[in-house]
Amino acid sequence: MQTEATPWRGYTLRRAQFEELAVLPEIEHLAAQQFLQSAQPFAAQLPEQTLEQLQEYQRQGGVWVAASAEGDLAAFALCKEVDGMAYLAEIDVHPAHARQGLGRALFEVLKRQARERGYPAVLLTTFRDVPWNAPNYERWGFRIMRDDEVGPELRGIREHETQAGLPPASRVCMVLALDAKPGP
């Protein structure tokens, strides 16, 4: 598969190695601190992915990292199959590497992988009212799904989010058809 390692602006975008998984919760925690300045400040205190959850994503082939030239991890993305489509569970960028397009670059690798695997679309759930969430994903070509478009597995993810304390009115399901063009 051509998506095994992709050079990008001094980083290497690639699948995570097993021993790197333990570093990802710290990146997630640091990246989440930006929520303190958002409409959803409580999100900064949400629990990070557990090692067991990360291992499950890895078994499904969906843990990708951005490694600096020095070998430090700068960002990661998690993806798995949901309702027969690729589901982008999370993208986090370490604050020291933020605002460079690294999250978008990782997403492009995941999108290419999803196409190679024959998925018709990429799904995600996110905050409607946080600028780097739904509005950003709309710029990437995603659109908010109608309720009747949400499949049973994605609906289950939303129910789990609600049980975990995420306010349902602030959350949306989004889809990007893999033949869609990004917005402006």
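Use the structure listed above.
Cut-offs and rules
- Residues numbered from 1 in each chain as written.
- Predicted model: local features only at pLDDT ≥ 70, side-chain atom pairs only at ≥ 80, totals over all residues.
- Heavy atoms only, no water.
- Phe/Tyr/Trp six-rings, centres within 6.5 Å; stacked < 30°, edge-to-face > 60°.
- Pairing = 2+ DSSP bridges.
- Helix = DSSP H or I, 4+ residues; strand = E, 2+ residues; numbered from the N terminus.
- Buried < 20%, exposed > 50% of the residue type's maximum accessible area, 1.4 Å probe, protein only.
- Salt bridge = Lys/Arg side-chain N within 4 Å of Asp/Glu carboxyl O.
- Expected span 1.5 Å × (residues − 1).
- Arc of directions from axis to C-beta.
- Core = buried A, V, L, I, M, F, W, Y, C linked by side-chain atoms within 4.5 Å.
- Contact = heavy atoms within 4.5 Å.

Let us look at the packing of aromatic side chains. Ring pairs (aromatic) are described by centroid distance and by the angle formed between their planes. For the structure on display, the rule yields eight aromatic pairs. Members of the aromatic cluster, joined through ring pairs, are Phe 35, Phe 42, Phe 127 and Trp 132.

Two strands pair when backbone bridges link them, and strand β1 (residues 5-8) and strand β2 (residues 11-15) are joined in this way by four bridges, in the antiparallel orientation. Its bridge partner being in β2, Ala 5 is matched across the sheet by Arg 14. Between β1 and β2, which follow one another and run antiparallel, lie two residues, and Arg 9 among them has a positive phi close to 45 degrees. Across four bridges, the pairing between β2 and strand β3 (residues 63-67) is antiparallel. Counted as the bridge partner of Thr 12 is Ala 67 from β3.

Our next topic: the side chain of Gln 55. Summarising the element assignment, Gln 55 is placed in helix α2 (residues 51-59). Look at Gln 55 and you get buried, because its relative accessible area is 19%.

Moving on to the pattern of salt bridges. As enumerated under the stated definition, the model contains 10 salt bridges in all. Ionic pairing is found between Arg 143 and Glu 149, a salt bridge with its closest N-O pair at 2.5 Å. Of the residues examined, Arg 143 reaches a relative accessible area of 40% and is grouped as partly exposed. Given a relative accessible area of 24%, Glu 149 falls into the partly exposed group. As a salt-bridge pair, Arg 155 and Asp 147 come within 3.1 Å of each other at their nearest N and O atoms.

Turning our eyes to something else, we now look at the sheet that holds strand β6 (residues 121-127). Overall, mixed pairing links the eight strands, which are arranged β1-β2-β3-β4-β5-β6-β8-β7 in an open sheet. On the outer flanks of this sheet lie β1 and β7 (143-144), each paired with one strand and no other. Two elements, strand β4 (residues 73-82) and strand β5 (residues 85-93), share eight bridges in a ladder whose sense is antiparallel. Counted as the bridge partner of Glu 81 is Ala 86 from β5.

As a further point, take helix α5 (residues 152-163). For α5, which comprises 12 residues, the first-to-last C-alpha distance of 16 Å matches the rise-based estimate of 16 Å (1.5 Å per residue) to within 8%. Within the span of α5, buried status applies to Leu 154, Ile 157, Arg 158 and Glu 161. Seen end-on, α5 carries its buried residues on one side only, within an arc spanning 95 degrees. Structural note: α5 exposes Pro 152, His 160 and Gln 163 on the side pointing more than 90 degrees away from its buried face. Remark: Gly 165 follows α5 within two positions and exhibits a positive phi of approximately 105 degrees.

Before going further, it helps to spend a moment on the nonpolar core. By size, the foremost hydrophobic cluster in this structure holds 31 residues, and its most contacted members are Leu 13, Leu 88, Leu 102, Phe 107, Val 122 and Phe 142. At the level of secondary structure, the elements contributing two or more residues to this core comprise β2, β3, β4, β5, α3 (102-116), β6, α4 (134-139) and β8 (171-177). If you tally residues by element for this core, the top one is α3, at seven residues. One finds Ile 27, Leu 54, Val 63 and Phe 76 within the second-largest nonpolar core, a separate group that totals 12 residues.

What follows is about the environment of Phe 127. When you line up the elements, Phe 127 lands in strand β6. Spatially, the C-alpha atoms of Phe 127 and Val 172 are 6.3 Å apart, while their sequence positions differ by 45 residues. In contact with Phe 127, not counting residues within four places along its chain, are Phe 35, Gln 40, Phe 42, Ala 43, Asn 133, Ala 134, Leu 166, Ser 170 and Arg 171.

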